[in-house]
Each structure stands twice: as C-alpha cells, then as structure tokens.
Amino acid sequence: MHDVTAGDARLAELQGDAAAYADPPAARGTLRVLTCGSVDDGKSTLIGRLLYDARLVCEDHAAALARDSKRYGNAAQELDFALLLDGLEAERQQGITIDVAYRIFATARRSFIVADAPGHEQYTRNMATGASTAEVAVLLVDARKGLLPQTRRHSHICALFGIRHVVLAVNKMDLIGHDRAAFEQIARDFIAFAAPLGFQSVVPIPISARHGDNVTAKSAHTPWFEGPTLIGHLETLDVGADDAAFRFPVQWVNRHAADFRGLAGTVGTGRIRRGDEVVVLPVGNPATVARIVAADGDCEEARAGEAVTLVLAPETDAARGDLIAARDDRPEVGDQFAAHLLWVASTPLLPGRNYLMRIGTKWMPASITAIKHKVDINSREHLAARRLTTNEIAFCNLATAAPVAFDAYAANRGTGAFILVDRDSNETLAAGMIRFALRRATNIHWEKLAVDKAARAQLKRQTPRVLWFTGLSGSGKSTIARIVEQRLHAEGRHTYMLDGDNVRHGLNRDLGFTDSDRVENIRRIGEVAKLMLDAGLVVLCAFISPFRAERQMVRELLQQGEFIEIFVDAPLAECMRRDPKGLYAKAKEGRIKNFTGLDSPYDPPEAPDLRLDTTAASAEELADVVLRRLGG
Amino acid sequence: MSFNRSASDMDSRHLRQLEADSIAIMREVVAAFANPVMLYSIGKDSSVLLHLARKAFHPSKLPFPVLHVDTTWKFREMIAFRDRAARELGLDLIVHVNEDGLRAGVDPVRSGSAVHTRVMKTEALKQALDRHGFDAALGGARRDEEKSRAKERVFSFRNSNHGWDPRNQRPEFWQLYNTRLAHGETMRVFPLSNWTELDVWLYIREQGIPVVPLYFAAERPVVERAGTLIMVDDERLPLMDGEVPQHRQVRFRTLGCYPLTGAVESTAATLDEVIGEMRLARTSERQGRLIDSDDTASMERKKREGYF
C-alpha cells in the first residue's frame, strides 16, 4: 500500500497558506501556451505543478488528487500531479495523456491558457489541435534522455503550425544531480537541431516539475543558472504586436430591420476605423465602413480580436464566407495554391477526390491536385508519395471549386489556415497551411466562345444531358445504356457513349484500379462528359464509379438538372452468377486485385435520380424507364 | 440589465478578450446550424451566457429559443428569477419536464442523486432536444469546473443517441470549427470554455448582470447532513428524526436542485464581498454539488450518456 503521508503534509501546507487568487491582469493579453515533448518527460506533472504552486488547486481537488494518487499514481510516495490533468478515465487507467487538456490560470502579471498535448505519435492530431492556437511552446525533455524522436517531431509540428517561441524545459534535473554540463549539452543540441526551424526565441531552463525547481521560484540546486524561472519567462514573454493588414471574415449577416444590414464577425488581424476603404472578397466590390456597431454603442475603431458588426456603404451583397480586407493591402484571390497538410484521418488522402474545405468562414469543395512531396516528420526529408495516411505531413497543390481569398500562413494565421472535411462522414481529415498561390490559375481565363452550349443545343433541338449509369460489374450498365443510345439515335438525337472499358484503352490507360486511380479515372471522365455536354450532346456514361464522392464531384461539375444518376441495381450474387466477362471468376482466384464488390468497396447511391431493378425487368423495359425519365 | 460599462473597466483586456471569443462562438452556431437552442439553467453562468448572446446579435433579438430543463426541484427563487428574466428580456423560453420521470415518482431525496440526475436532467434534456429537433445546444460549461470538461472541445460532437466519445473527438484546429452533422447528430457548444469562476463574477460585476439572490448571503433555514448544509426550500424535504431547520447566514456558489445543493456559511452579501470571498476560496465551486462526488470519473460517465 502506498504511503500518502507526504500528500497529507502538502494538503496541510496548502490549507495554512493565504491564497493568491490574482485579478486577471490588464497589462498583457492572455498567453496561449502549449506543453509538449516525449512521453514520460513530465508534461502533465509540470502543469499540475504550475497550478499547485499558483495555489489554484482547491481543497477538494487536492483531496481527490491524494485519493487518486493512491489508486492510479505513478509517483509512489507523493502526489501525482499528472492526475490533475489526465481527466479521462482511460487516461488515468493507462497512465498516459490521450487528448489535449486546457487549463486556465492567472498570476499577478498575466493570464494563461495552457494546452497540455499528448506525446504519443497516434495522438499527433490532438497535439496539433493545441499547437494551432498556441503562441509559445514549452517543450519538455528528460534530462537523462536528451532529445528523442518525439521531441523532434513535436518541434517540427510547432514550427509548421507557426509557433515562434519555444521554451526548452530540461526536466528531472534532480535525477542527474542538477548537472550543469548535461543541461548545457542538451541546450546546445537543441539549438543546433532547431536552427532551420526558424523560431524567434529558444530559451532553455533546467527544471524539476516534481519538486518545483525553477518553475515558479529560482532553485537553490542550480546556482549556476542565470536565466529566468519558467513562469517568470512566460509572464514577460513578448509575442509581438499585431501589425498585419485588416482582415475580417464575415461570420453572420445581421438583418435587424429592412434598412439595417450588418456584417457580424471578429477582426482577424489589423484594425479598422469608421470611414476606412475596404473590399469585399473574393468578388472585389469596393465599399466604405459606414458604422462599426457594438452592443455598447457604435465605435470609431475596432482591433484584432474584437467581435463587432460592420455596416458598409454602399450596401453590398456580402455574405457569410466573404472576407473584408483593407483596400490598399489585399490578400490573394485564386483557386489554386500550394500548402502543407497534416493528414489526421484514418482514411487516406486521395489526390483528385472532392473534399470540403473550410477557410475562414467559407466552406467550398476542393481537391488535392498533386502531392509534391511528403515530409518525414523526424528527419524533415522530402519523400515521394502518391497518398497520405494518418499523422503524415505533405506539401501539396490544391484547387478550390471557386476563387477564394487567402494569405500565406506565415504572414497571417487566420487567413492562411484551412481544414478539409469528408463529404460523407463529416470527419475532419486535415489541417492545412497555405504557402503560396499558384499563378497558372490566374492567367488561364476560360475562353468565352461566341457559340455557346445553348446555341448548339438549339441547333440539335435537344436538351443536353449526362446520363450516368453506376452499378457493380455485370449489373447491366453497358447493356441498358447501349439500348438507350440506339433508341435516342433512332429518334434523331445526337448522343455519345463513354464506356468504362473503352476509356481505359486510351485516355486513362495510365491508370490502374487502386482507390486513388479510380478517383482520377472518374475525374477525367467527368471533365470529358462536361465538354461533350457543352457540345450539346446527350452523353451516356456507363462506369462502375464505386465512390459516392466522385459521382457527386461530376454532378457538381455540371449545372442543376444536367446530371442524371441512374443506379443499375443488381445484387452482388446475381452479378457473380451472370459474370459476362469472366471477371468475378478471375478475381475469386486472386488474379484480379481491388475488384469492386469483392475486395474494393461500392457505395450505393443514396438518392439516385433513377433506380433500375435488374432482377424485376428486362434490359429493354429498363431502357424505356430511362427514356420516359428524359421525357420521351 | 444594461450594456454600459464604467471607464475604469475599459482596461480589462482579459474580460474583453473572453467576451469577444464567446460572441464569435455564438455567432458561429447561429450561422452554421439550422435549429439551435441555448440551455438556460438560471445560474450565474447562464446569466452571463444570456448577456453575451444579447450582445452577439445586437441590435437583433436572440435568434434562438432558450431551454430550461426543469427537474421541479429547483429553488423557488430560481424559478421566479427565470420567469422575470423571460418576461423582461422577451425570451422565447421553453420549459421542459420529464413527465415520465414525474409519473414514476423519481425525486432527488428518495431516488438518490444518481437516478434523479439521469432521469430528470440527462434523459429530460435528450427528450427536449429530440422533441424540438434542435441540432445545436449552447451551454455554459467551463473547462475549469472539472477534469473531463478540460478535455472537451468548444464544439463537442454528439452521435444520434446524444453520446459523447471522449477518446475520439474531432480535432479543433484554429477557430475553424467543423460544424457539419449528419441527420440526427447534434452539437453541444460551450462559449464559456475558457472562462474561470472568477472571470464570471468579475464580468457580472463589470456589466451589472442580474443573478439569482441565492448567490448572496442571507439568513436561510438549513439542516446539516453529512457536513453539508441543505436549505429547506419547501415542505417537500423530509426531515429526519429530531432534525430542526436552523436559520444560518449562508449563500450558494452553485445552484441546482435544492436538496442536492450545499450552502456555504458566508456573510458576503454584495458582489464585491462575493468576489473578495472567492479570492480566499479554498474549495472548488462544484464541491457543493452532491451529484459529482460519487467517483472521480462520474462527470465523464454522465457526459458520455448525454448530460450537459
């Protein structure tokens, strides 16, 4: 049984002390701190120590801590401060930190929001969550072990996410007898390693989180150390004034009355005064700030971080998703850019697939057009890659469905950051940081032709359509599509049929059957179908097209009503029985890999425009159903 | 309630920053969800939430209804305060009671705090969210209250059974909240995540926000049970043999169902005195909540089941 006398003694000491519950300070803004470092380097212990020393651990929490220390604690004889933070049951049972914990506390000089990040690689996304908003990172290193792979990985993520200031807290100094030479060696190693990462400040401090050396008070054990204590440094750290240009993402339109149209949002960077000239992006309409409305009354000026409501003159049709910016210092506007991505989802990144991007307050479809290279998170080496999996970082080119306003992340965290979300599962897939705009998009304008789609369609006396037949191999897609085309042709319609096998002989002969190749296959076919539609044709497409996301992508390439999704429905067992090309037999023998329905998935359409049940009617009858849908 | 603030408080950058962050979160909810609601528990945090919401959407009215899940065991002064606030501020107030629980005779004294909380709070909340089809619910929880709250996101995803999966939360990068939901899924949103108890009181003082008088010390009839002072708010509290309510100078740091909410002895009768007392406080505010003390992990378990 553990001895908790030490814990009880601390409790008594705590109760005897006058509290130091400081007023939130006015001088410096709240500092957002991230603690990170390798597993067991003592991150949670350090935060627990900070809260405890700041007298912010209440009696009942301390009593619970003494109880929990006995039950779960790693520190046999003492209070285990980590248990103050590892708030989830699984964390206490496993003795590790899984998710980032936020602790808020204030000293007499400054208030802090501390994000305690997990060390394990599998929880990198939780660490990155904390890093995305932090201004300074406290990177812990075990004095006995020095820099570990996780230390390097966390340093890279801090740099990638734009943290400019690092405190290298060399912890557990008590276990190496407060050895100055060892501390200085670790500090030198880190400074050499971190040089290419571009931090503005790196401050090494020798500490013992468990015993409190150099945490809030200078340690008697390290008389040779002339630097600040950890808290002393954080209290006075200057993270730099905000001198970036005015950026204001429109969050919500306040229509209080017929004559009031307020654009509610938070000033991201810079400042705005009444009368300032702005532009509403991406369209670029110029306007002047007529009023800055706040609940306490109109203001003359609003600064970064303030939540206000702008009224523009002349009234423009700005909406949520638009970005209001200084007219003389504008962001980029474009639909292609290069960015770093941290992929956090369990499903891999597929180039070409349509994802949802959130940038500022705007949501829009976007896709990765190329993975330039993957970044080895430990060595920072560049590696070739065709896809990306969980916790991997890559430098990519992206394309958005429409032009969007943005800045480089290094210049502006607010307008240079984005997330990617899966369209079906709504899972957050990646965090992205824009490096630069790709110019080729800006310079290639869509050539406006004198003869357009409507004119061509009129000459042919028909409504152009894309009939998209999807279903398993052997379901009857091509058979039905062929009959439909013959009948349309007989009626004098102008048609063209794109067939899966035929396209793979030419246009797509470089593509295989992996998930990423299937995505690219459908993307190209979609673009070809779009051009043919523009030519005024009725285009018949018969493709397995197994993924919902890509069918949706093609639908969105076209105008409303032009895309008709036809689900050719046949049970897998029936398709295997028919097996018109003998493919199922080969796949079952293992001679074909990634065969849809067997070892590669098929997402059935949720709301197709037409569903053809091939077990209930003949191909001719089903072709009639399609023709009736087209209006004869 | 007014939005005027005195000149001396203009310096308080800290409160301004907290206020602006909370307003941004509330606006995001209204912009991103089809049918949001704000939970209103009548306590000090709810009062602050309501005040922030009025600022966020000024000059418009609140663009969502306000929901009180009533266990029928709240202090009488709380209900009076609620109804006055709804009247004066013109709130669209929904009061929901779990009628099934009432019929089954669930009460905090005989059924015990765990059953009462599950049936009359957690189940009742789920009933109300389902009945009205709310897809997002704003609440006043703060990360400094409890350890599992410190781990929770600002936009906290719930599956179609209102369950929380603490091991698999959506990463929350920057303020780029992923607000997308499938049918039946919901979001709980916490605009006061980064406020502390002291921040709440300082803001109430600065902004002149009304709160229930139970937060201020007064002579009140109480009985002492297992070291906790329970106020005898009405005749429903069964007195044990020989138990006689005594009048003591007490106040509450947190408000809930009166038989489950411990009072503290105090002479702090004004905001200044309450804040002064807070600076010397050695216990956490939820200590008076009997429902939290069953086990260290009890809050997390309740939250996984759908408790706010």
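What you see as residue numbers is a count from 1 along each chain, following the sequence as written. For this description, chains carry letters from A and ligands carry numbers from 1, given in the order in which they are written. In keeping with the predicted nature of the model, local features appear solely for residues at pLDDT of at least 70, side-chain atom pairs appear and are counted solely at 80 or more, and the whole-chain, interface and lining totals rest on all residues.

A. Main features of the sheet that holds strand β24 (residues 495–499) of chain A. All names here are of chain A. On the basis of which strands lie adjacent, the open sheet formed by 5 strands has the order β24-β25-β23-β26-β27 and parallel pairing. Looking at strand neighbours, the two that pair on one side only are β24 and β27 (610–613), the edges of this open sheet. Strand-to-strand twist in this sheet, taken as the mean axis angle between neighbours without regard to direction, amounts to 20 degrees. In this sheet, strand β25 (residues 538–542) lies alongside strand β23 (residues 465–470) in parallel orientation, the contact comprising 5 bridges. Bridge pairing in β25 links phenylalanine 469 to alanine 542. Sitting on the sheet, helix α12 (residues 477–490) touches β23, β24, β25, β26 (563–569) and β27, and the angle it makes with β25 is about 165 degrees. Two strands qualify as a pair provided DSSP detects at least 2 bridges between them. Numbering goes from the N terminus for both helices and strands, where a helix is a DSSP run of H or I of at least four residues and a strand is a run of E of at least two. Note on definitions: angles span 0 to 180 degrees between N-to-C directions of axes, and those axes are lines fitted to C-alpha atoms, for helices only across the stretch in contact. Any pair of residues counts as being in contact when their C-beta atoms, constructed from backbone geometry, are within 7 Å of one another.

B. Broad picture of the domain arrangement of chain B. All names here are of chain B. Residue ranges labeled as domains rest on an automatic or database domain assignment. Assigned domains within chain B: domain 1 (7–209 + 297–305) and domain 2 (214–291). One C-alpha centre belongs to domain 1, the other to domain 2, and the line joining them spans 24 Å. If you look at the interface, domain 1 gives 22 residues, while domain 2 gives 20 residues. Only α3 (76–89), α5 (113–132) and α7 (197–207) provide two or more residues apiece to the side of domain 1 that touches domain 2. At 6 residues, the largest contribution of residues to the side of domain 1 that touches domain 2 is made by α7. Residues of the side of domain 1 that touches domain 2, tallied by class, amount to 10 nonpolar, 4 polar and 8 charged. Under the convention adopted here, Pro, Cys and the residues Ala, Val, Leu, Ile, Met, Phe, Trp and Tyr are nonpolar, Asp, Glu, Lys and Arg are charged, and Gly plus all remaining residues are polar.

C. A look at the environment of leucine 420 of chain A. Residues and elements named next belong to chain A. With respect to the helices, strands and loops of the structure, leucine 420 is situated in strand β21 (residues 417–421). Considering only alpha carbons, one finds leucine 420 and asparagine 354, 66 residues apart in sequence, at a separation of 9.9 Å. Sequence-distant contacts of leucine 420, defined by excluding residues within four places in its chain, comprise Tyr355, Leu356, Met357, Leu429, Ala430 and Gly432.

D. Looking closely at helix α6 (residues 149–160) of chain A. All names here are of chain A. A helix is expected to span 1.5 Å multiplied by its residue count minus one. The end-to-end C-alpha distance of α6 is 16 Å, a good match for the 16 Å that 12 residues give at a rise of 1.5 Å each. With C-beta atoms placed from the backbone, the exposure class of a residue follows from how many other C-beta atoms lie within 10 Å of its own: 20 or more, buried; 12 or fewer, exposed; in between, partly exposed. Here α6 has its buried residues at Gln150, Thr151, Arg153, His154, Ser155, Ile157, Cys158 and Leu160. Residue glycine 162 follows α6 closely and has a positive phi angle near 85 degrees.

E. Molecular detail of the packing of helix α14 (residues 515–534) of chain A against helix α15 (residues 548–557) of chain A. Residue and element names in this part refer to chain A. Between α14 and α15, whose axes approach to 10 Å, the crossing angle comes to 20 degrees. Comparing their axes, α15 and α14 come out roughly parallel. Seen along the crossing, α14 lies across α15 with a hand that is right-handed. Judged by residue contacts, Val519, Ile522, Arg523, Gly526, Ala529 and Lys530 of α14 engage Glu550, Met553, Val554 and Leu557 from α15. Its residues placed into classes, the contact of α14 with α15 shows 6 nonpolar, 1 polar and 3 charged. Orientation categories follow fixed angle ranges, with anything under 35 degrees roughly parallel, anything over 145 roughly antiparallel, 65 to 115 roughly perpendicular, and all other angles oblique. Helix crossings are classified by the rotation of the near helix relative to the far one: an anticlockwise turn of less than a right angle makes the crossing left-handed, while a clockwise turn makes it right-handed.

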